[in-house]
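# Structural description and commentary
Chain by chain, the residues run as shown.
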Amino acid sequence: MTILTCSATTCLYNENHLCSRGEIEVTGEQAKSPDETACGSFRERGSSASNSTGSSSGCGCEKIQIDCKAQECTYNSSCKCTAAAIDIAGQKAITSQDTKCGTFSCQC
Ligand code: SF4
């Protein structure tokens, strides 16, 4: 599993820069740069959607399962992230599009 740190502190699942969701999905099927990726599991704290969907384990877990659609990334193996550690960026994010995988490295 991958160690994840996340700067999207506006996310419901963010606990002291760790993620409490247990698993996340990174999007970016056609991504050639980090800006074209996003954390698809982002939910803004306090939004109506965050009250009714998803479940938080309640802990900020260092290691997390990552399903990743960014298949051009060096670390992507059959839609699983094989990096030892990644950083999700997204300070002041309001939607998932405001986040990105800062560790994305294109093999293109
Ligand atoms: S490092 Fe690459 S494979 Fe891992 S989550 Fe980020 S974009 Fe996906």
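Before reading on, note that the structure itself is shown above.
Residue indices follow the written sequence of each chain, beginning from 1 at its first position. Two thresholds apply to this predicted model, a pLDDT of at least 70 for residue-level local features and 80 or more for giving and counting side-chain atom pairs, whereas whole-chain, interface and lining totals are computed over all residues. To get the side-chain values, all heavy atoms of the structure are used, and hydrogens and water are removed first.

## Focus on the overall build of the chain
For the chain, the count of helices and strands is 1 helix and 10 strands. Numbering goes from the N terminus for both helices and strands, where a helix is a DSSP run of H or I of at least four residues and a strand is a run of E of at least two. Ordered by position from the N terminus, the helices and strands of the chain form the series β-β-β-β-β-α-β-β-β-β-β. For the chain, with 108 residues in total, the buried portion stands at 33%. In what follows, a contact means two residues having at least one pair of non-hydrogen atoms within 4.5 Å. Across the chain, the fraction of contacts at a sequence separation of at least 24, relative to all contacts at a separation of at least 6, is 67%. Buried means the residue's accessible area, taken with a 1.4 Å probe over protein chains only, is under 20% of the maximum for its type, while exposed means over 50%, and partly exposed covers the values in between.

## Focus on the site of the ligand
Any residue with a heavy atom lying within 4 Å of a molecule or strand is counted as near it. Around the ligand, a shell composed of Val26, Ile66, Cys68, Cys73, Tyr75, Asn76, Cys81, Ile86, Cys101, Thr103 and Phe104 is seen. Gly counts as polar in this scheme, as do all residues outside two lists: the nonpolar Ala, Val, Leu, Ile, Met, Phe, Trp, Tyr, Cys and Pro, and the charged Asp, Glu, Lys and Arg. A breakdown of the residues in the shell around the ligand according to their chemical character gives 9 nonpolar, 2 polar and no charged.

## Things to note about the state of the cysteines
Two cysteine sulfur atoms make up a disulfide if the distance between them is within 2.5 Å. This model, assessed by the stated rule, comprises 1 disulfide. The disulfide that involves Cys106 links it to Cys108, with 1.9 Å between the sulfurs. What sets the handedness of the Cys106 and Cys108 disulfide is the S-S torsion sign, and at about 135° it is right-handed. Free cysteine Cys6: the closest other cysteine sulfur is in Cys11, separated by 6.4 Å. A relative accessible area of 12% places Cys6 in the buried class.

## Section: the environment of Leu12
Summarising the element assignment, Leu12 is placed in the loop between strand E1 (2-6) and strand E2 (14-15). For the pair Leu12 and Arg43, spaced 31 residues apart in the sequence, the C-alpha separation amounts to 5.7 Å.

## Concerning the nonpolar core
Core analysis: the biggest nonpolar cluster contains 23 residues, and Leu4, Ile24, Val26, Ile66, Ile86 and Ile88 have the highest contact counts within it. Elements that contribute at least two residues to this core include exactly E1, strand E4 (23-27), strand E6 (63-68) and strand E9 (85-89). If we ignore the near neighbours within four places in the chain, the residues touching Ile66 are Thr2, Leu4, Ile24, Val26, Cys79, Lys80, Cys81 and Ile86. Put simply, a nonpolar core is a bunch of buried Ala, Val, Leu, Ile, Met, Phe, Trp, Tyr and Cys residues held in one set by side-chain atoms that sit within 4.5 Å of each other.

## Structural notes on the pairing of E1
Alternating positions in E1 separate cleanly, Thr2, Leu4 and Cys6 being buried on one face and Ile3 and Thr5 remaining unburied on the opposite face. We call two strands paired when DSSP finds no fewer than two bridges between them. Inspection of the sheet shows E1 paired to E6 by 2 bridges, in the antiparallel sense. Paired with Ile3 across the bridge in E6 is Lys63.

In short, geometric facts, not functional conclusions.
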